[in-house]
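In case you want the letters, here they are:
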Amino acid sequence: MNWKLLTAACLGAGLLCAQSDAGKRLGAAADAFKEVMDTPDKSIPQDLLNKAQCMVIVPGLKKGAFIVGAKYGRGFVACRKKDGVGWTAPGSIRVEGGSFGFQIGGSETDVFMLVMNEGGMKRLLSTKFTLGGDASVAAGPVGRSTQAETDAALTAEILTWSRTKGLFAGISLSGATLREDAEWNSELYGRNLSNREILTTSVAAPAPASELMSELNRYSSRK
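Here's a quick rundown of the structure. (Residues numbered from 1 in each chain as written. Predicted model: local features only at pLDDT ≥ 70, side-chain atom pairs only at ≥ 80, totals over all residues. Heavy atoms only, no water.)

Some points on the packing of helix H2 (residues 21–37) against helix H6 (residues 182–189)
Following both chains from N to C, one finds H2 and H6 inclined at 90°, their axes separated by 9 Å at the closest point. If you check the angle between H2 and H6, you find them roughly perpendicular. Across the interface between the two elements, Asp21, Ala22, Gly23, Arg25 and Leu26 from H2 touch Trp184, Glu187 and Leu188 from H6. Across the contact of H2 with H6, the residue classes tally to four nonpolar, one polar and three charged. (Axes fitted to C-alpha atoms, helices over the stretch in contact; angles between N-to-C directions. Helix = DSSP H or I, 4+ residues; strand = E, 2+ residues; numbered from the N terminus. Parallel < 35°, antiparallel > 145°, perpendicular 65-115°, else oblique. Contact = heavy atoms within 4.5 Å. Nonpolar A, V, L, I, M, F, W, Y, C, P; charged D, E, K, R; others polar.)

Observations regarding the environment of Gly190
Within the secondary structure, Gly190 sits in the loop between H6 and helix H7 (195–200). The class of Gly190 is partly exposed, set by a relative accessible area of 24%. (Buried < 20%, exposed > 50% of the residue type's maximum accessible area, 1.4 Å probe, protein only.)

Description of the pattern of salt bridges
In this structure the tally under the stated criterion is eleven salt bridges. Between Asp38 and Lys34 there is a salt bridge; the shortest N-O distance is 2.9 Å. Taking the shortest distance from any N to any O, the salt bridge between Asp181 and Arg74 comes out at 2.7 Å. You can see Asp181 sitting in the loop between strand S9 (177–180) and H6 and its partner Arg74 sitting in strand S2 (residues 72–79), a full 107 residues away along the chain. Across the pair, exposure class does not vary: Asp181 and Arg74 are buried alike. Three or more residues are tied together by salt bridges with common partners; here these are Lys34, Asp38, Glu215 and Arg218. (Salt bridge = Lys/Arg side-chain N within 4 Å of Asp/Glu carboxyl O.)

Overview of the packing of H2 against helix H8 (residues 210–220)
Here H2 crosses H8 at 25°, and the two axes come no closer than 8 Å. Judged on the interaxial angle alone, H8 and H2 are roughly parallel. The interaxial crossing formed by H2 with H8 has left-handed handedness. Residue-level inspection shows Leu26, Gly27, Ala29, Ala30, Asp31, Phe33, Lys34 and Met37 of H2 in contact with H8, the latter providing Glu211, Leu212, Glu215, Leu216, Arg218 and Tyr219. Here the contact of H2 with H8 is composed, by residue class, of eight nonpolar, one polar and five charged. (Left-handed = near helix turned anticlockwise from the far one by under 90°.)

Details of the state of the cysteines
One pass over the structure, following the stated rule, counts one disulfide. Each sulfur of the disulfide joining Cys54 and Cys79 lies 2.1 Å from the other. Of note, the bridge from Cys54 to Cys79 carries an S-S torsion of about 100° and is right-handed in sense. Taken together, the residues Cys54 in strand S1 (residues 54–61) and Cys79 in strand S2 connect sequence positions 25 residues apart. Taking the relative accessible area as the measure of exposure, Cys54 reaches 0% and is therefore buried. Overall, the relative accessible area of 0% leaves Cys79 in the buried class. (Disulfide = S-S within 2.5 Å.)

Here we look at H8
Each turn of an α-helix holds 3.6 residues, which means side chains three or four residues apart point in the same direction. Residues of H8 that are buried: Leu212, Met213, Glu215, Leu216, Tyr219 and Ser220. Around the axis of H8, the buried residues are gathered within 165° of arc, so they sit on the same side. At the C-terminal side of H8, Arg222 shows a positive phi close to 60°. (Arc of directions from axis to C-beta.)

That's the geometry; what it means functionally is another story.
So, in C-alpha cells, the structure goes:
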C-alpha cells in the first residue's frame with residue numbers, strides 16, 4: 001500500500017484516517033454539552049447561551065490532571081458566525097494553571113466557558129490570555145436563573161462552569177491561562193491554522209466535529 005498517497009488523501013480531507021485523540025475529544029465535548037443542557041434546571045441558562053459570542057468546552061479531565069503546578073486541560077472553542085446565525089468550526093485550546101476550586105483526585109471533570117462579548121472574543125483570539133487578568137471572569141449561574149442571578153453576565157467577559165461526578169456548578173477559573181493548541185488544530189484540519197483563522201473565516205469543520213456543531217446549533221443557533 002502506498003502510505004504516502006493514503007496520508008495525503010486523509011490530510012486533503014482535513015482529518016486523519018485513524019481517529020485521533022483530538023477527534024475523540026471532540027465527541028466527548030459534544031456529549032458533555034448535551035448531557036448538561038438536557039437538564040434545564042441544572043444547566044447553563046438558556047438566555048446566557050443565546051447571548052454568548054463563543055463557547056469553550058474542555059471535556060473529561062481525568063484524575064490527576066489538576067495538581068499543584070500542573071493544572072492542565074485540552075478542549076475546543078467555537079464562536080458565532082459573522083451573521084450571528086450558527087457556529088464556526090472549532091478551534092483547539094489548552095487551559096493551564098489557575099485556581100479551579102474543585103478537589104484534586106476527582107473523577108472526570110468537564111469545564112464550560114461562555115465568552116459573553118466582543119472584548120472577550122478578541123482576547124480569545126490572541127495566542128494566550130489569562131482569566132481574571134487579561135479578561136474578566138466570573139462563576140456562571142445554573143439553571144432557570146432569575147435576572148439577579150444573571151447580573152454577572154453584564155460585567156464579566158467570560159462565565160465559567162464545571163461538572164464533576166454529575167455535579168454541575170459555576171466555578172471561578174481566575175488565574176488560568178488559555179492558549180491556542182496548534183498541535184490539535186493541525187491534527188484536525190490537516191494544515192497549520194490559527195484559531196483566529198478558524199473562528200473568523202469560513203473554514204469547514206472537520207468530520208469529527210459534526211456532533212458538536214449539531215448540538216451547539218440545536219441549543220442555540222439564533223435562527
